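# Reading the structure
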Amino acid sequence: MDESVVNVIRLRNMPESRRIAAAKWRRTVATVDWLTSQLPAKAKFQAYAFNTRARALVPGSDGRWLERATRRR
């Protein structure tokens, strides 16, 4: 994984579609997916992202507890 300052800045300035396709972002999404799938069935949680400020990952869920979704496979 190349995380030089130059490449981080390049990726930051790319279109969103390119940023969300980046390996680092895909690993982050997979990690959050794995973590939430490990929660007990009746668990409630909150998920926030942060950079210069915190924000809820699920739009409109600020300060609300979320229920774990049941997956159908």
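Reading the values: rules and limits
- Residues numbered from 1 in each chain as written.
- Predicted model: local features only at pLDDT ≥ 70, side-chain atom pairs only at ≥ 80, totals over all residues.
- Heavy atoms only, no water.
- Helix = DSSP H or I, 4+ residues; strand = E, 2+ residues; numbered from the N terminus.
- Buried < 20%, exposed > 50% of the residue type's maximum accessible area, 1.4 Å probe, protein only.
- Contact = heavy atoms within 4.5 Å.
- Areas by Shrake-Rupley, 256 points an atom, 1.4 Å probe, with all protein chains shown as cover.
- pLDDT = per-residue confidence, 0-100.

The helix and strand inventory of the protein chain stands at three helices and four strands. Going from N to C terminus, the protein chain has its helices and strands arranged as α-α-α-β-β-β-β. Looking at the protein chain as a whole, 11% of its 73 residues are labelled buried. Taking contacts inside the protein chain between residues at least 6 apart in sequence as the whole, the part at least 24 apart equals 20%. Total accessible area on the protein chain stands at roughly 6700 Å², and carbon and sulfur atoms take up 56% of it.

Okay, the confidence of the model for the protein chain next. Mean pLDDT over the protein chain stands at 84; residues scoring 70 or higher make up 89%. Mean pLDDT across the secondary structure elements of the protein chain bottoms out at helix α1 (residues 5-12), with 81, and peaks at strand β3 (residues 54-56), with 92.

A word on the environment of V32. By the element assignment, V32 lies in helix α3 (residues 23-37). Linking V32 and A47, residues 15 residues apart in sequence, is a C-alpha distance of 9.1 Å.

Considering the arrangement of structural elements, one finds W65 in the loop between β3 and β4 (66-67). For W65, a relative accessible area of 55% gives the class exposed. In the structure, W65 is positioned 21 residues away from K44 in sequence and 5.7 Å away in space, judged by C-alpha atoms. Excluding anything up to four places from it in sequence, W65 contacts K44, F45 and Q46.

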